[in-house]
Amino acid sequence: MAFTPTLLPKPVSSDEEYEQIAESFHTAMKGFGSDEKRIIREISSITNDQRQFVKERYLLMYGKKLEEDLKSELRGDFEDIIIALLKPRFEYEAECLRESIKGFGTREHIIIELLCTKEAEEIEKLKNTYNELFERNLEEDLENEEGGPLGRLLRSIATGQRPSDSYVDLNLAQEEAQKLYDVKN
């Protein structure tokens, strides 16, 4: 299924342009305080993939990680969101899944949002990243955390076995929706 992203990549075509963005981040943190408007402008004008290139350039140029410098300058929710935006997509999502599963109580809405919106290959990348970061199996963690019909549904989705083509069998969808409705009521 094709979709239109809300953030189109900034046309960055050379290492020099990534270095300019890295330098702009560095300038935003010079002196007393930080230029939060500049940080917002830079981070929101590039895609996640482009942010990874900027982080590499920043490390090469200044010998420090961009995230570490930002953490030393920013505080609170603003720091949290900027650091989250700098993480690779699947790493961030794997961390969100782990946080939603571990500890007392499960935050199902996070699991639903992260798993139900993915194609099979994205689920596979997410499971691999989860395993790399936490040395745990996502499907097993879901099985241990969530039971009943919702748990079965989430584990089924987490297998990544659903078809990724764009054909939709409306009759089957209606039938399955009715089954879910019946189980809930």
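Scroll up for the structure.
Residues numbered from 1 in each chain as written. Predicted model: local features only at pLDDT ≥ 70, side-chain atom pairs only at ≥ 80, totals over all residues. Heavy atoms only, no water.

In contact at an axis separation of 10 Å, helix α7 (residues 108-116) and helix α10 (residues 148-158) are set at 30° when each is read in the N-to-C sense. On the basis of the axis angle, α7 is roughly parallel to α10. Remark: the crossing between α7 and α10 carries left-handed chirality. Contacts between α7 and α10 involve Glu108, Ile111, Ile112, Leu115 and Cys116 from the former and Leu150, Leu154, Ile157 and Ala158 from the latter. Here the contact of α7 with α10 is built from residues that sort into eight nonpolar, no polar and one charged. (Axes fitted to C-alpha atoms, helices over the stretch in contact; angles between N-to-C directions. Helix = DSSP H or I, 4+ residues; strand = E, 2+ residues; numbered from the N terminus. Parallel < 35°, antiparallel > 145°, perpendicular 65-115°, else oblique. Left-handed = near helix turned anticlockwise from the far one by under 90°. Contact = heavy atoms within 4.5 Å. Nonpolar A, V, L, I, M, F, W, Y, C, P; charged D, E, K, R; others polar.)

A few words now on the packing of helix α3 (residues 48-62) against helix α4 (residues 66-73). Geometrically, a packed helix pair is captured by the angle between its two axes and the distance between the axes. Axis separation between α3 and α4 bottoms out at 8 Å; the angle between their running directions is 85°. Viewed along their axes, α3 and α4 adopt a mutual orientation that is roughly perpendicular. On α4, the residues touching Val54, Lys55 and Tyr58 of α3 are Leu66, Glu67 and Asp69. Classifying every residue of the contact of α3 with α4 gives three nonpolar, no polar and three charged.

For Tyr18, the position within the fold is in helix α1 (residues 15-28). A relative accessible area of 10% places Tyr18 in the buried class. With 40 residues separating them in the primary sequence, Tyr18 and Tyr58 have C-alpha atoms 8.7 Å apart. In this structure, Tyr18 is in contact with Val12, Gln50, Phe53, Val54 and Arg57, ignoring residues within four places of it in sequence. (Buried < 20%, exposed > 50% of the residue type's maximum accessible area, 1.4 Å probe, protein only.)

Tallied over the full model, the rule gives 13 salt bridges. As a salt-bridge pair, Glu122 and Arg89 come within 2.9 Å of each other at their nearest N and O atoms. Of this pair, Glu122 sits in helix α8 (residues 120-134) while Arg89 sits in helix α6 (residues 89-101); the two residues are 33 residues apart in sequence, bridging distant segments of the chain. The exposure class assigned to Glu122 is buried, which follows from its relative accessible area of 18%. For Arg89, a relative accessible area of 34% gives the class partly exposed. Asp141 is paired through a salt bridge with Arg136; the nearest N and O atoms lie 2.9 Å apart. (Salt bridge = Lys/Arg side-chain N within 4 Å of Asp/Glu carboxyl O.)

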